[in-house]
Structures are given as C-alpha cells and as structure tokens.
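Understanding the architecture of this molecule
The residues making up each chain are set out below.
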Amino acid sequence: NAGVTQTPKFRILKIGQSMTLQCTQDMNHNYMYWYRQDPGMGLKLIYYSVGAGITDKGEVPNGYNVSRSTTEDFPLRLELAAPSQTSVYFCASTNRGYRETQYFGPGTRLLVL
Amino acid sequence: DQQVKQNSPSLSVQEGRISILNCDYTNSMFDYFLWYKKYPAEGPTFLISISSIKDKNEDGRFTVFLNKSAKHLSLHIVPSQPGDSAVYFCAGNGGTSYGKLTFGQGTILTVHP
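Residue positions are given per chain, counting from 1 as you read along its sequence in written order. To read the labels, note that chains go from A and ligands from 1, taken in the order they are written. Restriction of local features to residues with pLDDT of at least 70 applies here, the model being predicted, together with a cutoff of 80 or more for giving and counting side-chain atom pairs; totals for whole chains, interfaces and linings are based on all residues. To obtain the side-chain values, all non-hydrogen atoms of the structure were included, while hydrogens and water were left out.

**With respect to the layout of surface pockets**
- Only protein atoms enter the 1 Å grid, on which a cavity is a set of points fitting a 1.4 Å probe that cannot get out and a pocket is an open set with protein on both sides within 12 Å along at least 5 of 7 lines, lining residues being those with an atom within 4 Å of a point. Grid points are joined across faces, edges and corners, and a volume is the space filled by probe spheres set on the points. If you add up the space inside the largest pocket, you get close to 380 Å³.
- Contributing to the lining of the largest pocket are 20 residues, with Val88, Phe90 and Arg109 of chain A together with Lys38 and Ala41 of chain B lying nearest its centre.
- Listing elements by their share of the lining of the largest pocket, those giving two or more residues are strand S9 (87–94) and strand S11 (108–112) of chain A.
- Among the elements that take part in the lining of the largest pocket, S11 of chain A stands out by supplying four residues, more than any other.
- Residues that form the lining of the largest pocket fall into these classes: nine nonpolar, six polar and five charged.
- Its boundaries defined by the atoms lining it, the second largest pocket holds a volume of some 240 Å³.
- Lining the second largest pocket are 13 residues; nearest its centre among them are Lys44 and Glu59 of chain A together with Asp1, Gln2 and Phe103 of chain B.
- Runs of E in the DSSP output that reach at least two residues are strands. Runs of H or I that reach at least four are helices, and both are numbered from the N terminus. For the lining of the second largest pocket, the secondary structure elements donating two or more residues are strand S5 (43–51) of chain A together with strand S10 (101–103) of chain B.
- Ten residues, namely Ala, Val, Leu, Ile, Met, Phe, Trp, Tyr, Cys and Pro, are considered nonpolar, four, namely Asp, Glu, Lys and Arg, are considered charged, and the remaining ones, Gly among them, are considered polar. Residue classes in the lining of the second largest pocket are distributed as four nonpolar, five polar and four charged.

**With respect to the sheet that holds strand S7 (residues 64–66) of chain A**
Residues and elements named next belong to chain A.
- If DSSP finds at least two bridges between two strands, the strands pair. With antiparallel pairing, four strands are arranged side by side in an open sheet as S1-S3-S8-S7. One side of each edge strand has no neighbouring strand; the edge strands of this open sheet are strand S1 (4–7) and S7. Geometrically, the sheet is characterised by an average inter-axis angle of 20° between neighbouring strands, direction not taken into account.
- With three bridges joining them, S7 and strand S8 (residues 76–78) adopt antiparallel strand pairing. Across the sheet, residue valine 66 finds its bridge partner in S8, namely leucine 76. Here the axes come from fitting lines to C-alpha atoms, over the contacting stretch only for helices, and the angles between their N-to-C directions go from 0 to 180 degrees.

**Quick look at the packing of aromatic side chains**
Residue and element names in this part refer to chain B.
- We call Phe, Tyr and Trp rings a pair once their centres come within 6.5 Å, taking the six-membered ring for Trp, and we label the pair stacked below 30 degrees between planes, edge-to-face above 60, and tilted otherwise. Counted by the stated rule, this structure contains twelve aromatic pairs over all chains.
- On the basis of an interplanar angle of 45° and a centroid distance of 4.6 Å, the ring pair of tyrosine 25 and phenylalanine 33 is categorised as tilted.
- Three labels apply to residues, based on accessible area from a 1.4 Å probe with only protein chains included: buried if under 20% of the type maximum, exposed if over 50%, partly exposed otherwise in between. A residue is classified by how much of its surface remains accessible, and tyrosine 25, at 7% relative accessible area, is buried.
- Among the residues examined, phenylalanine 33 registers a relative accessible area of 2% and is labelled buried.

**Some remarks on the pattern of salt bridges**
- The salt bridge criterion pairs a side-chain nitrogen of Lys or Arg with a carboxyl oxygen of Asp or Glu, the two atoms within 4 Å. Overall, the coordinates contain six salt bridges over all chains when judged by the stated rule.
- A salt bridge links lysine 100 of chain B to glutamate 59 of chain A; the shortest N-O distance between them is 3.9 Å. With lysine 100 of chain B in the loop between strand S9 (86–93) and S10 and glutamate 59 of chain A in the loop between strand S6 (54–57) and S7, this pair bridges two chains.
- Of the charged contacts, one joins glutamate 58 of chain B and lysine 56 of chain B as a salt bridge, the two residues approaching to 3.9 Å between their closest N and O atoms.

**Quick word on the side chain of threonine 107 of chain B**
Residue and element names in this part refer to chain B.
- Along the chain, threonine 107 turns up in strand S11 (residues 107–112).
- Since its relative accessible area comes to 2%, threonine 107 is described here as buried.
- A 3.5 Å cut-off defines polar contacts: any pair of N or O atoms within that distance qualifies, except that in protein one atom must be a possible hydrogen donor and the other a possible acceptor, and neighbouring residues in sequence count only when both atoms are side-chain atoms. Among the polar contacts made by the side chain of threonine 107, one reaches the main-chain carbonyl oxygen of serine 8 at a distance of 2.7 Å.
- In contact with threonine 107, other than residues within four places in its own chain, are Gln6, Ser8, Pro9, Ser10, Leu11, Leu21, Ala86, Val87 and Tyr88. The contact criterion used throughout is that any non-hydrogen atoms of two residues lie within 4.5 Å.

**Some thoughts on the nonpolar core**
- To form a nonpolar core, buried Ala, Val, Leu, Ile, Met, Phe, Trp, Tyr and Cys residues must be joined to one another through side-chain atoms within 4.5 Å. Core analysis: the biggest nonpolar cluster contains 22 residues, and Trp35, Leu73, Leu75 and Tyr88 of chain B have the highest contact counts within it.
- At the level of secondary structure, the elements contributing two or more residues to this core comprise strand S3 (19–25), strand S4 (32–38), strand S5 (45–51), strand S7 (62–67), strand S8 (72–77), S9 and S11 of chain B.
- Of all hydrophobic cores here, the second largest spans 19 residues; its members include Ile46, Tyr64, Val66 and Leu78 of chain A.

**Some remarks on the state of the cysteines**
- Two cysteine sulfur atoms form a disulfide, by the criterion used here, when they sit within 2.5 Å. In this structure the tally under the stated criterion is two disulfides over all chains.
- One disulfide bridge connects cysteine 23 of chain A with cysteine 91 of chain A, the sulfur atoms lying 1.8 Å from each other. Across the disulfide from cysteine 23 of chain A to cysteine 91 of chain A, rotation about the S-S bond amounts to roughly -70°, and the bridge is consequently left-handed. Residue cysteine 23 of chain A is located in strand S3 (residues 19–25), and its partner cysteine 91 of chain A is located in strand S9; the two are separated by 68 residues in the primary sequence.
- Each disulfide pairs two cysteine sulfurs, and for cysteine 23 of chain B the partner residue is cysteine 90 of chain B, the sulfurs being separated by 1.8 Å.

Here's what the structure looks like:
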C-alpha cells in the first residue's frame, strides 16, 4: 500500500513551457486535492475532485488545469509556466472529504526560470 | 485574509521539556482542526485532530487543546524528543462539503539534545 505517490520529485521548467504533475493514490479515496506551498507560507488549495469526472477550483486555480478520469489518478497540468508557479506541489486524498484526515504525497518541487 | 495564523515562525526546546505550538483562527465555520508534521523534502503527515465539540484530544505524547471562545488551539508535546524537530502546521476544516483545509504558515520546532 503505497498511499499517495507523486512524480516527478523535482523539475526545472523554462518560462512558457508546459508540464503535467502526476498524482496517484491506491487507497480508493473519492476526494483528491492539489495544494501548493510557497516558502514561509501554508499550503493553498489549487483544485480538488470529489470523484472521477468531477473537479472544481480551489483558492488559487489560475494557470492550472486538472482532470480526473479514474479514481486513482489526479494529474495537474501547468500551461505556459511562469516564475510565480515556482513552488512545491502536494497532492492529497481522503475518503469522505469533510472532517477527515487528508493523506499527502511527498511533493513535487518545481522551479520556473 | 489569513484565516489560520501561527504567529511563532520557530520554537526551540530542550529534549525532555514541553513544546507548545499555538494557532489562531478567524473563520467561525471551522469545526474540525488538524495538526500536521512535515520533515524537509517530505509531504505533511497527520499528527492529531480535534472536533469543535471537544476542548482536548490526547494521543500519546501529543495533546491538542481547543478554546473556541478565543478561536485558539495549541499543540503540546511532552516530553519533546529530537525526532520531533520538524515544521508543524495547523489546519482548519469546515464550511465546505469537499473538505478544504485552510493551513497556517507553520512553526519550525527544533528540539535540542
């Protein structure tokens, strides 16, 4: 039982490039989330999903897109990378959402130059 | 508008003594709170939670206290151990059906041998 896995661990992008951050969970959780953490700050919600085919915006969605075609996978797409997207990205999942512990992946560190 | 605040960026404690980490919140819709611990280059891991119907929850060396009237919670670690050295985040949950967590900025705890 691997929990929540994320790839890649680290990536450098040039301004204007695109990439997809991968997230997979093997706990059969319905709810999945993408957060970003900037230095000295707490985690902020980018997008979330309550099940396959259902996604919605969080607090800071601009510049990102998501899809959820299976229960297990919740990829985050960056189009036209900007320096402001330099951050550490965490994926999380939980079973029922509200009042439940969210389990986090190890994170993807992204540097946009 | 920072709805969850951890006003102490860092805390240094001697091994064996008590560590007290504080957290204040402003959103009255929060009714469930969680503490996460984060080591460098890893994702946050769940530590302990508390529902707003309680004022205390204990798990081994970790105790969380909630003062609803003051909108304040604290995490006590007794006795502190060097392995507890990490960043601690508090998070509030409530007001949404999808389980959004609102995080504080984190407190760096260093436990000296």
